[in-house]
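Architecture and fold: a report
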Amino acid sequence: MLIEREHFGGHCVNDGCIPTKTLVASARAAHMARRGADYGVRIGGTISVDMKAVKARKDAVVAQSVGYLKKWMTGTPNLSVVWGEARFIGPNAVQVGDAMFEAPKIFINVGGRPDAPDWPGLADVPYLTNTSMMDLDVLPDHLIVVGGSYIGLEFAQMYRRFGSKVTVLEYADRLIAREDPEVSREVQKIFEREGVEFVLGVRDGQVAMDADATVRVSFSVNGAPAQLACTHLLMAVGRRPNTDGLGLEAAGIATDKRGFITVDDELRTNVPGVWALGDANGRGAFTHTSYNDGEIVIANLFDQDPRRVSDRINAYALFTDPPLGRIGMTETEVRASGKPALIGVMPMARVGRAKERGETQGFMKVLVDAQTKKILGAALLCIEGDEIVHSLLDVMAADAPYTVIQRCVHIHPTVSELIPTLLGQLKPLA
């Protein structure tokens, strides 16, 4: 039995990965059209974006995915779909409306939702989230994005390329603070070249709306007051788990202070017969980690295959242009670990394929263990970095030394063929 309160596919299909990457593709098309002259392509007239057509294309892609899922779910033998919001009324029982269901095994995979800061006045302003942005079919004159991390940056570049003025406000003193400082700096430079503006170190935020629907955001930076006006305000400060309405206390299911369900290495909760998967367990905030959660549970329950969450290598991407492909440890984490390590860095201006494509922004960085020659981590901020990084990830998963990549003959001309060259330049991490 599958209980669903809103729609098949969850956040990824309806409001997250699929629709946003569809919008990113439209924004890139506009960006490349404006760059046509760089490639000897002449386009007469002004490049403009029809936001209603952009949204219609996005909606069509989403509808196709949802339609497939609906056909799959409703056509699966022995699977019943119950529409409604489930709430625990005991360790192995849930209630949906007036109906009560019991089962020896219950799997919680309720995802998360956008969070917002407790800024004064925010509740009185029609601000946007990454979910409500999916309904937007107009071009904002000025979009303020609160949050300079993964979601916020994706929308900032996207809407700047659509034609909006975009300003990003960030609490930290640099963007995507979990990344290494040089990654943050390079991303900011890339965005600033496209006209995105940034204000870092923002404090004391508050919001108000004028009679003409202009939104005014007041804040301070280093103690100095500042104010910006915009037509649209996007809050992209993080997400929270959808666990507060589940009645977990009735089942005795433990959570941490942020509301994430506590699980062990096989995703079992503290209550026998109840598992928690996906965003709600705090063990990964991505579609691919949620999917892998399912694989782990299935392997342990049905295949006698002892798979564990701790076996998973940290891997994710920032889907800007160029994208950032990230695996394993950051340089900061390697330094903190005290491991003897080697590092290699290559600017994309040295990569032939990048020069051919006219996309030389960014760099590639790899860290390896100096003793075992195993790859510790990598950050590929470059053209197709979100794809290329898998060549390193697969070697990590195979627990093989980096020399395996060096001895492999790669196709020319590609970006991946420079990975062996990068590895050949490894130096001790100072």
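Residues numbered from 1 in each chain as written. Predicted model: local features only at pLDDT ≥ 70, side-chain atom pairs only at ≥ 80, totals over all residues. Heavy atoms only, no water.

Our focus in this paragraph is the sheet that holds strand β3 (residues 86-90). One open sheet accounts for three strands, arranged β3-β4-β5; its pairing is antiparallel. Strand pairing shows two members of the sheet lacking a second neighbour, β3 and β5 (99-102), which therefore form its edges. With strand direction ignored, the average angle separating the axes of adjacent strands in the sheet is 35°. For β3 and strand β4 (residues 93-96), the ladder comprises four bridges, and the chain directions are antiparallel. By the bridge assignment for β4, F88 is matched with V94. (Pairing = 2+ DSSP bridges. Helix = DSSP H or I, 4+ residues; strand = E, 2+ residues; numbered from the N terminus. Axes fitted to C-alpha atoms, helices over the stretch in contact; angles between N-to-C directions.)

We now examine the pairing of strand β11 (residues 202-209). Pairing analysis gives six bridges linking β11 to strand β12 (residues 215-221), with the strands arranged antiparallel. The residue bridging Q206 from the neighbouring strand is S218, located in β12. Between β11 and β12, which pair antiparallel and follow one another directly, the connecting turn spans five residues, one of which, A213, has a positive phi of 75°.

In total, this model carries 27 salt bridges according to the counting rule given. Across the pair K55 and D59 runs a salt bridge, and its minimum N-O distance is 2.7 Å. Taken together, the positions of K55 and D59, both in helix α3 (residues 51-75) and four residues apart, correspond to about one turn of that helix. K55 gets classed as buried once you look at its relative accessible area, which sits at 18%. With its nearest N and O atoms 3.0 Å apart, the salt bridge here joins K365 to E331. Separated by 34 residues along the polypeptide, K365 in strand β20 (residues 363-369) and E331 in helix α8 (residues 331-337) bring together distant segments of the chain. A residue is classified by how much of its surface remains accessible, and K365, at 1% relative accessible area, is buried. (Salt bridge = Lys/Arg side-chain N within 4 Å of Asp/Glu carboxyl O. Buried < 20%, exposed > 50% of the residue type's maximum accessible area, 1.4 Å probe, protein only.)

Time to look at unusual backbone geometry. For the bond from D321 to P322, the omega torsion is 5°, close enough to zero to count as cis. With respect to the helices, strands and loops of the structure, P322 is situated in the loop between β17 (315-318) and β18 (324-328). Although it is not a glycine, I176 sits at a positive phi angle of roughly 30°. Positionally, I176 belongs in the loop between β9 (165-170) and α5 (181-193). Backbone geometry places K373, a non-glycine residue, at a positive phi of 65°. You can see K373 is positioned in the loop between β20 and β21 (375-381).

Axis separation between helix α2 (residues 17-34) and helix α4 (residues 150-162) bottoms out at 8 Å; the angle between their running directions is 40°. For the element pair α2 / α4, the angle class is oblique. Considering how the two elements wind past one another, α2 and α4 form a crossing that is left-handed. Where α2 approaches α4, its residues T20, K21, L23, V24, S26, A27, R28, A30, H31 and R34 are matched on the opposing element by E154, F155, M158, R161 and F162. (Parallel < 35°, antiparallel > 145°, perpendicular 65-115°, else oblique. Left-handed = near helix turned anticlockwise from the far one by under 90°. Contact = heavy atoms within 4.5 Å.)

So, on to the sheet that holds strand β19 (residues 341-347). Strand pairing in a sheet relies on backbone hydrogen bonds, with the paired strands running either antiparallel or parallel. With respect to topology, six strands assemble into an open sheet ordered β17-β18-β21-β20-β19-β22, the strand pairing being antiparallel. Sheet topology places β17 and β22 (427-428) at the edges, where each strand pairs with a single neighbour. Taken together, the four bridges between β17 and β18 define a ladder with antiparallel strand orientation. The residue of β18 that forms the bridge with Y316 is R326.

With that out of the way, let us pick up α3. For α3, with 25 residues, the first-to-last C-alpha span of 36 Å sits near the 36 Å given by 1.5 Å per residue. Those residues of α3 that fall on the buried side of the exposure criterion are M51, V54, K55, K58, V62, S65, V66, L69 and M73. If you follow the buried residues of α3, they end up packed against β1 (2-4), α1 (10-14), α2, β2 (81-83) and α4. Put simply, D50 is the residue that caps the front of α3, since its side-chain oxygen is 3.1 Å from the backbone nitrogen of K52. (Expected span 1.5 Å × (residues − 1). Polar contact = N/O pair within 3.5 Å; in protein donor to acceptor, adjacent residues only side chain to side chain.)

Turning our attention to the side chain of Q157. Along the chain, the position of Q157 falls in helix α4. In this structure, Q157 is in contact with F191, E194, T320 and D321, ignoring residues within four places of it in sequence.

All right, on to the pairing of strand β10 (residues 197-200) then. By the bridge criterion, four bridges tie β9 to β10 in an arrangement that is parallel. Looking at the pairing, E170 lines up with L200 of β10. Read from β9 through α5 to β10, the crossover connection turns out right-handed. (Right-handed = clockwise from strand over helix to strand, strands pointing away.)

The next point concerns the packing of aromatic side chains. The final tally for this structure, using the stated rule, is seven aromatic pairs. Through a chain of ring-to-ring contacts, three or more aromatic side chains come together here, namely Y150, F286 and Y316. The ring of Y171 carries R203 above its face, with NZ or CZ at 3.6 Å from the centroid. (Phe/Tyr/Trp six-rings, centres within 6.5 Å; stacked < 30°, edge-to-face > 60°. Lys NZ or Arg CZ within 6 Å of the ring centre and 35° of its normal.)

What follows is about the environment of V94. Position of V94 among the secondary structure elements: in strand β4. The buried category is assigned to V94, whose relative accessible area is 9%.

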